[in-house]
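Here's the letter readout for the chains.
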Amino acid sequence: MKPVYIVLTLVIIISLSSYMLSPTNELAEMPGGISDYSNPKAPKTITSKDIKSFSSSFRYADEPQVFTYYDFRAEKQDDGRVEVTWEDYGEELIAEVGPEFLQSLQDIIDKHGLAGYNGVNRVTSGLPYEFGPCHMHAEYESGESINFYMDGEPYSEWMGDFVELFLPEFPGQGKELNLHSDLPISRFYYSHSGMILPQLYSFELEKEGNDYSLRAEFFDYEHFYGDVEFVLEGEENRDILEYIYTRLVDICDTCEIYSWNGFDESDNSVRDGTMFQIIIDFENGEFISAYGNNVFPESFFLAEEELENLLEEIKAFHRELNPPLIKSGVYLNKAKPVAGYLFFDTADRSWRSSPSLAMSYSIGGNFQVEGNRIRLTSQDESVELVFEAQEKDRLKLVSLVCEKEDLKDWWQEGDSYTFMPDESIPGLAEGRACPADEALALAKEEGLVVFEDFLLTAGGEAWEEFCEKVNRGEAARVFSAFYYTLDEEYVDPEVYEIEKDNYPQLYINKLEYEEDVFTIAVRESTESEYEEGQRFKYLKHYSEEMEWAGHVFSYEYFILVNDDGVSLEDIRQSLASSQSDDRIPHFLVYCDLLD
């Protein structure tokens, strides 16, 4: 196992404090996850009424189920006049208005109490398109400001008031230019191809009266192996189909796809590249057709992005409605008493291989679930087995690579293996081996104390219970998970290139207290056995304040040491010393940012 101790030093904690506090730290990316970097101390009232500059972006429901993205700005000029801007999907429209425009802006801010949102920076991942983040920023002559970034409110009155204020300053622009936007679409077909498999996809949505049907073809390696054909229809799926239909109509409007009609151009000098075809049929018999081969109509790349976002949502619907037989799995070649077994989970129970699979004689540990397939690879990459689920308790060997002659006779492609029910798959603390991201989810599910890039994110109650037992002199044990990522922005480029493939990492700490002695043992999540434990006499609690970007933050640490009188500064100086004899034995077991 790669050494972990240098990663856990206070020197690293301090050097990464800016990263821990930065909004660029990409946490809570899963659907429904919340990223919250709000400043609760931001003032909620603004004394000044003289706006100097203003910007706002949001999606607003101009009509029921028809959402438009708006990006408005206003800037006060030296002569008192105001320059207003509407950036309409790449086209920047500019107009000049009188100073009364800024007063009207302030009236809207006051009317809806928008200063009360100042400091809010909180968004939810995976919301529908129309609820995507909205933003407003206003600077005042007094130096005060209002700034917020939060989940969209597409039906809110304040958005409507901004639209009504700005749009009249740009006559002849807007949705009225979309000549076909009021014509009901009866069929929408789109295909896209490129140089890699994820760029090969198509979907077709048909509408007849109140009935809808969807057919989509795409590659989805996250949950399924290879290509997917997804057909969705029927009354029970009407809500999903209506949503997809509404999204397509909105993309047609906002990206002006109607203007592409008749586009048919190719650049035959490009051997590969990108191709697309789109056909839109309307209920009145009209249609739009466009084709491009490395030549594209205006606004194509914006539409491409929006359609790919919709495709990701279609993939999510497919995963939800068609979950893979295999949910997760683990291969244990060391943990006792289950040496050499392959485990996997289905929706209703867990399964374990029989010893006849002979895994314990061959390979160890590199395990990956790919939809309904399991890929098992030796650490030296000389052996690779790919199993596919035939039924929930039966796997078939569909691919075999074996470079070791003495092992080739163990397996044959096409062989099927029946697995036994098993209720004893060990938990993460007991030796379950799995990749870092899977281990992170398990750590939270199983109640471990979880730290993500040196910040406590789960399991605080377990840590408090451990400390209470220690204070009473009782024997105690607690398991912690330390999860680390590597952000290119905060790492030397050469170091990043060398180390990027080693991240993310997760280390599991087993901390035990008995008879006035603390023992700490560590293992990487991909290993199943803990290293030999280190013993310490004391568990010291430290706290300190740090200043970053004009703000003061308080941190707390629990560190194992053998000298009750050692200070935080003593530890830090010993780490900076070039003399190994100066090093103070210690081990960081807890770190967090205080409220």
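Model, not experiment: these values are computed from the prediction.

A. Examining the environment of Y149 more closely. In this fold, Y149 is placed in strand 8 (residues 145–150). For the pair Y149 and S57, spaced 92 residues apart in sequence, the C-alpha separation works out to 9.6 Å. With near-sequence residues (within four places) excluded, Y149 lies in contact with V120, N121, R122, V123, P133, C134 and H135.

B. Spatial organisation of the pairing of strand 14 (residues 275–282). One ladder, built from 8 bridges, connects strand 9 (residues 185–193) with strand 14; its direction is antiparallel. Across the sheet, residue I185 finds its bridge partner in strand 14, namely F282. The pairing of strand 14 with strand 15 (residues 287–293) spans 7 bridges and is classified as antiparallel. Note that in strand 15 the partner of I280 across the bridge is I288. Counting the residues that bridge the hairpin from strand 14 to strand 15 gives 4 residues, and of these G285 lies at a positive phi of roughly 100 degrees.

C. Region of the structure containing the packing of helix 3 (residues 100–111) against helix 4 (residues 157–166). At a minimum axis distance of 10 Å, the contact between helix 3 and helix 4 shows a crossing angle of 170 degrees. Considering their axes alone, helix 3 and helix 4 lie roughly antiparallel with respect to each other. Residues F101, S104, L105, I108, I109 and K111 of helix 3 form the contact with helix 4, whose own contacting residues are W158, D161, F162, L165 and F166. Residue classes in the contact of helix 3 with helix 4 are distributed as 8 nonpolar, 1 polar and 2 charged.

D. Spotlight on the side chain of R523. Relative to the assigned elements, R523 resides in strand 29 (residues 517–524). At 7.6 Å, E430 is the nearest oppositely charged side chain to R523, a buried residue that forms no salt bridge. Within the local environment of R523, its side chain forms a polar contact with the backbone oxygen of L428, the two atoms lying 2.4 Å apart. In terms of polar contacts, R523 uses its side chain to reach the backbone carbonyl oxygen of E527, at 2.4 Å.

E. A nonpolar patch on the surface, seen in detail. Side chains of L127, F131 and Y155 sit close together on the surface and give an oily, nonpolar patch of about 270 Å² of accessible area. On the secondary structure map, L127 appears in the loop between strand 6 (121–124) and strand 7 (134–140).

F. Region of the structure containing helix 4. Judged by how many residues are buried, helix 4 sits mostly within the fold: 8 of 10 residues are covered. Buried within helix 4 we find W158, M159, G160, D161, F162, V163, L165 and F166.

G. Fine view of the sheet that holds strand 28 (residues 505–514). Pairing is mixed across the open sheet formed by 6 strands, whose spatial order is 26-25-27-28-29-30. Because the sheet does not close on itself, it has two edges, and the strands there are strand 26 (455–458) and strand 30 (534–536). Across this sheet, the average inter-strand angle for adjacent strands is 30 degrees, counted without regard to direction. Here strand 27 (residues 476–484) runs beside strand 28; their pairing, made up of 9 bridges, is antiparallel. Looking at the pairing, F482 lines up with Y507 of strand 28.

H. Spotlight on unusual backbone geometry. Residue P504 is bonded to the preceding Y503 through a cis peptide linkage, with omega at 5 degrees. Positive phi outside glycine occurs at D453, with the angle close to 50 degrees. Within the secondary structure, D453 is located in the loop between strand 25 (449–452) and strand 26. In this structure D453 comes out as buried when scored by relative accessible area, which is 4%. Phi at D516 takes a positive value of approximately 65 degrees, unusual for a residue other than glycine.

I. View of the sheet that holds strand 9. Pairing is mixed in the open sheet, where 7 strands are placed in the order 12-11-10-9-14-15-13. At either end of the open sheet lies a strand with only one pairing partner, and these are strand 12 (227–233) and strand 13 (264–266). Neighbour-to-neighbour, the strand axes of this sheet turn through a mean angle of 5 degrees, independent of strand direction. Both strand 13 and strand 15 contribute to a ladder of 3 bridges, which runs parallel. Paired with E265 across the bridge in strand 15 is G292. Here helix 5 (residues 238–254) sits on the sheet in contact with strand 9, strand 10 (201–208), strand 11 (211–219), strand 12 and strand 14, set at roughly 75 degrees to strand 11. Helix-sheet contacts for helix 6 (residues 300–321) involve strand 9, strand 10, strand 11, strand 12 and strand 14, and the interaxial angle to strand 11 is about 100 degrees.

Rules used in this analysis
Residues numbered from 1 in each chain as written. Predicted model: local features only at pLDDT ≥ 70, side-chain atom pairs only at ≥ 80, totals over all residues. Heavy atoms only, no water. Helix = DSSP H or I, 4+ residues; strand = E, 2+ residues; numbered from the N terminus. Contact = heavy atoms within 4.5 Å. Pairing = 2+ DSSP bridges. Axes fitted to C-alpha atoms, helices over the stretch in contact; angles between N-to-C directions. Parallel < 35°, antiparallel > 145°, perpendicular 65-115°, else oblique. Nonpolar A, V, L, I, M, F, W, Y, C, P; charged D, E, K, R; others polar. Buried < 20%, exposed > 50% of the residue type's maximum accessible area, 1.4 Å probe, protein only. Lys, Arg positive; Asp, Glu negative; His and termini not counted. Salt bridge = Lys/Arg side-chain N within 4 Å of Asp/Glu carboxyl O. Polar contact = N/O pair within 3.5 Å; in protein donor to acceptor, adjacent residues only side chain to side chain. Patch = residues over 30% accessible without salt bridge, like charges linked within 9 Å, V, L, I, M, F, W, Y side chains within 5 Å. Areas by Shrake-Rupley, 256 points an atom, 1.4 Å probe, with all protein chains shown as cover.

Honestly, it's all geometry; don't read function into it.
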